[in-house]
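Working through the structure, step by step
Here is how the chains run, residue by residue.
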Amino acid sequence: MHTNLAYNTYTQNNIGVESPEKLIQMMYEGILRFNMQAKRSINEGDIERRTYWINRSNAVISELINILDFDQGSVSHYLAGLYTYQLRLLVEANIYSDSTKIDQVSQVFKGLLEGWKESTDVANKA
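Structural notes, computed from the coordinates. (Residues numbered from 1 in each chain as written. Predicted model: local features only at pLDDT ≥ 70, side-chain atom pairs only at ≥ 80, totals over all residues. Heavy atoms only, no water.)

At a closest axis distance of 8 Å, the pairing of helix α2 (residues 20-44) and helix α3 (residues 47-66) adopts a crossing angle of 160°. When the axis of α2 is compared with that of α3, the two are roughly antiparallel. For the pair α2 and α3, the sense of crossing is left-handed. From α2, I24, M27, Y28, I31, F34, N35, Q37, A38, S41 and I42 reach across to α3, where they touch R49, R50, W53, I54, R56, S57, V60, I61, E63 and L64. Looking at the contact of α2 with α3, its residues break down into 12 nonpolar, 4 polar and 4 charged. (Axes fitted to C-alpha atoms, helices over the stretch in contact; angles between N-to-C directions. Helix = DSSP H or I, 4+ residues; strand = E, 2+ residues; numbered from the N terminus. Parallel < 35°, antiparallel > 145°, perpendicular 65-115°, else oblique. Left-handed = near helix turned anticlockwise from the far one by under 90°. Contact = heavy atoms within 4.5 Å. Nonpolar A, V, L, I, M, F, W, Y, C, P; charged D, E, K, R; others polar.)

A full pass over the atoms with the stated rule returns 4 salt bridges. Residues E92 and K101 are paired through a salt bridge, measuring 3.3 Å at the closest nitrogen-oxygen approach. A single burial state applies to E92 and to K101, both of which are buried. Among the charged side chains, a network of salt bridges with common partners joins R88, E92 and K101. (Salt bridge = Lys/Arg side-chain N within 4 Å of Asp/Glu carboxyl O. Buried < 20%, exposed > 50% of the residue type's maximum accessible area, 1.4 Å probe, protein only.)

This is the structure:
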């Protein structure tokens, strides 16, 4: 995956990111945090906050799609489809105030985060 563009953008914004691998981890963790807030907003009936947090998750997922390097093979294409489906679920969660859809997205990103940490060994680099 081509993470240099996102890495450069974030480092220019003075976020102390140690590596592109750490940046992806932070993005996955951000989605999980935003989804938790969106779910809480749904439970509280706060439409404005629900939309805000879902939009934050959507923005991160869209950036994940934008930084995919399709020259790297089928994994990038798979991730593009997976990420796009997660965007769709979040849109449905927002339209229907459906926290189960947010749970589905969170489950996917928990799995991706776990796999990412294992494959990049980010935990031991931090």
